[in-house]
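Residue-level structural notes
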Amino acid sequence: IGLGIPAEPLFRSRDQILMGSETETYTYADLAYDDDSLYVICRVYDKQLVTDGEHADVVSIGIETESAPYTTPRVTSYRYDISPNATVVLFKGSGTVWQMQESTASHLAFKQSASYYTFEIAVPWSEFGREKAPLGNAMTFNIQVTNGDGTSHVVEAIADTKPDGPYTWMPLYFHANAQEL
């Protein structure tokens, strides 16, 4: 939708992350990378968008750059919260908890329609302290979808993952000449 990878071919792929059985907010996600950034693209189908407040909708993208067996968010852990009002907030691990950061180097492209919204977030490798994609190395990834109605919310994550436990997240392996993970 504008930052680096075309959305429509990805949403026809069979290799996406699909969520929604708990939240009834169907979410399709995919990842890609190049020498400049890691890209996460999501399409979220939601009957009622709640953009503000304690019980708002949000998609949280977790990245652990060391792929280590951490049970809490470490200083190498990052979480990007994207809301349907087209904002992104970065949280970084402190060693025990998530701490909100004042700014992020990421770029967000956002498109909303009547029944869904699509976003692409491009996170430059420099935000993770790297010059380019860590070819031959692994990181871990998590996605969590929060569907709010203004008074309560339901949270769904990838099966068997813990939002604050990077050791439970999916591994990401980066290979030369591969653009899509």
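These numbers were taken from a predicted model, which means no experiment stands behind them.

Cut-offs applied
Residues numbered from 1 in each chain as written. Predicted model: local features only at pLDDT ≥ 70, side-chain atom pairs only at ≥ 80, totals over all residues. Heavy atoms only, no water. Helix = DSSP H or I, 4+ residues; strand = E, 2+ residues; numbered from the N terminus. Buried < 20%, exposed > 50% of the residue type's maximum accessible area, 1.4 Å probe, protein only. Contact = heavy atoms within 4.5 Å. Areas by Shrake-Rupley, 256 points an atom, 1.4 Å probe, with all protein chains shown as cover. Salt bridge = Lys/Arg side-chain N within 4 Å of Asp/Glu carboxyl O. Phe/Tyr/Trp six-rings, centres within 6.5 Å; stacked < 30°, edge-to-face > 60°. Lys NZ or Arg CZ within 6 Å of the ring centre and 35° of its normal. Core = buried A, V, L, I, M, F, W, Y, C linked by side-chain atoms within 4.5 Å. Polar contact = N/O pair within 3.5 Å; in protein donor to acceptor, adjacent residues only side chain to side chain. pLDDT = per-residue confidence, 0-100.

Helices and strands together make up the secondary structure of the protein, namely 1 helix and 12 strands. Going residue by residue from the N terminus, the α and β elements of the protein occur as α-β-β-β-β-β-β-β-β-β-β-β-β. Classification of the 181 residues of the protein by burial places 48% in the buried group. Residue pairs at least 24 apart in sequence account for 57% of intrachain contacts in the protein once pairs closer than 6 positions are excluded. Of the roughly 9,100 Å² of accessible surface on the protein, a fraction of 48% belongs to carbon and sulfur atoms.

Next up on the list: the pattern of salt bridges. Side chains that differ in sign of charge can pair as their charged atoms come close. Tallied over the entire structure, the rule returns 1 salt bridge. Residues R79 and D81 are paired through a salt bridge, measuring 3.0 Å at the closest nitrogen-oxygen approach. When its relative accessible area of 13% is taken as the criterion, D81 is described as buried.

Attention now moves to the packing of aromatic side chains. As enumerated under the stated definition, the model contains 7 aromatic pairs in all. Judged by centre distance (5.0 Å) and plane angle (80°), the ring pair of Y33 and F174 falls under edge-to-face. Taken as a pair, Y33 in strand β2 (residues 26-33) and F174 in the segment after β12 (170-173) lie far apart in primary sequence, 141 residues in all. Each member of the pair, Y33 as well as F174, carries the same accessibility label: buried. Aromatic pair W125 and F174: ring centres 5.4 Å apart, planes at 85°, arrangement edge-to-face. Remark: F174 occurs in the segment after β12 and W125 occurs in the loop between β9 (116-124) and β10 (138-148); sequence separation between them is 49 residues. On the basis of relative accessible area, W125 is assigned to the buried category, the value being 0%. Through successive ring pairs, a cluster of aromatic residues spans Y33, Y78, W125, F128 and F174. The ring of F91 carries R79 above its face, with NZ or CZ at 4.0 Å from the centroid.

Let us now look at the nonpolar core. Counting 28 residues, the largest nonpolar core has I61, Y80, F128, F141 and I143 as the members making the most contacts within it. Mapped onto this core, the elements with two or more residues apiece are β2, β3 (37-45), β4 (58-64), β5 (77-83), β9 and β10.

To continue, consider the side chain of S77. By the element assignment, S77 lies in strand β5. Assessed through its relative accessible area of 0%, S77 is described here as buried. For S77, the side chain forms a polar contact with the side chain of E64, separated by 2.4 Å. When near neighbours in sequence (up to four residues on either side) are disregarded, S77 contacts I63, E64, F91, K92, G93, W98 and P166.

As a further point, take the confidence of the model for the protein. Averaged over all residues, the pLDDT of the protein equals 83, while 86% of them reach at least 70. Predicted confidence in the protein is weakest over helix α1 (residues 7-11), with a mean pLDDT of 47, and strongest over strand β7 (residues 98-100), with 96. Scored below 50 in pLDDT, residues 1-7 makes 23 contacts in the model with residues more than four places away or belonging to other chains. Across residues 9-14 the pLDDT falls below 50, and counting only partners more than four positions away or on other chains, this stretch makes 12 contacts in the model.

Here the focus is the side chain of S83. Counting through the fold element by element, S83 comes out in strand β5. Side chain to side chain, S83 and N85 meet in a polar contact 2.3 Å long. Looking at S83, its side chain comes within polar contact range of the side chain of T87, at 2.8 Å. Leaving out residues up to four positions away in the same chain, S83 has contacts with D57, V58 and F110.

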